[in-house]
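These are the residues of each chain, in order.
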Amino acid sequence: VPWPHNDPPGATLYYDLTGDSKVIVDWLNGKARIMQTAYSGILCQLSGLLATLWGKDIAAPREGWNDWARHVLREDNKGADQLVNRAMDHEITEIPPIPPVVPATWIRGSFDGGVRKNGKGGAGWWTEVGFRTATGEEYWHDRIEGCLYMPTGWTVTQAELTACTKVMLLMA
């Protein structure tokens, strides 16, 4: 998705967080009630992180006035989906080290989680940072990605929320 070329004034870093779980996206944007209290703690922490970044003029949503997270269709979330499948297929966890800070104007990332019929699950996420060059061109740094194998006993919502948490911590 190309970045809008009318970055709103204010924040120094603009976020674009996507996921194919509408309920998780709606929770992050405060558009849906959290009916399962088991998820309210982590969602409060994630919302608090976004509020802190916004309140300190460190970060703003992608277009400055829209939601922090965007719902995308599964076919538009292939990168994160492939990472989930890698975790489940190979029963592996690959968590990247926190990269060095690079100058950035935008940061985007995507998350996905899943659980198979056998009860084994996984979480996948990726993120990358970008900036506009002196000539006005967009430049994006290499993608950072990770996946987490989740043995039996996890729900799809837990897998999605775990992936969302991982990508948001990388983006913070």
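Below or above, wherever it landed, is the structure these notes cover. (Residues numbered from 1 in each chain as written. Predicted model: local features only at pLDDT ≥ 70, side-chain atom pairs only at ≥ 80, totals over all residues. Heavy atoms only, no water.)

Quick look at the environment of Thr52 now. Along the chain, Thr52 falls in helix 2 (residues 40–55). At 2.9 Å, the side chain of Thr52 and the backbone oxygen of Gly48 are in polar contact. (Helix = DSSP H or I, 4+ residues; strand = E, 2+ residues; numbered from the N terminus. Polar contact = N/O pair within 3.5 Å; in protein donor to acceptor, adjacent residues only side chain to side chain.)

On to the pattern of salt bridges, then. Evaluated as defined, the whole model comprises nine salt bridges. For Lys31, the salt bridge identified is with Asp67, shortest N-O distance 2.6 Å. With a gap of 36 residues between them, Lys31 in the loop between helix 1 (22–28) and helix 2 and Asp67 in the loop between strand 2 (59–61) and strand 3 (69–71) connect regions that are remote in the sequence. Residue class for Asp67 comes out partly exposed when judged on its relative accessible area of 30%. The network of salt bridges with common partners includes Arg86, Glu94 and Glu145. (Salt bridge = Lys/Arg side-chain N within 4 Å of Asp/Glu carboxyl O. Buried < 20%, exposed > 50% of the residue type's maximum accessible area, 1.4 Å probe, protein only.)

Bringing the packing of aromatic side chains into the picture now. To describe a pair of aromatic rings, you give the distance between the ring centres and the angle between the ring planes. Here the structure, examined in full by the defined rule, presents five aromatic pairs. Taken together through their ring pairs, the aromatic side chains of Tyr15, Trp54 and Trp68 make up a single cluster. Sitting over the ring of Trp140, Arg108 keeps its end group 3.5 Å from the ring centre. Sitting over the ring of Trp126, Arg143 keeps its end group 3.8 Å from the ring centre. (Phe/Tyr/Trp six-rings, centres within 6.5 Å; stacked < 30°, edge-to-face > 60°. Lys NZ or Arg CZ within 6 Å of the ring centre and 35° of its normal.)

A few words on the side chain of Glu160. Relative to the assigned elements, Glu160 resides in helix 4 (residues 156–171). Despite its burial, Glu160 pairs with no opposite charge; the closest candidate is Arg74, at 7.9 Å N-O. Apart from the residues within four sequence positions on either side, Glu160 is in contact with Asp20, Ser21, Ile24, Phe111, Asp112 and Gly113. (Lys, Arg positive; Asp, Glu negative; His and termini not counted. Contact = heavy atoms within 4.5 Å.)

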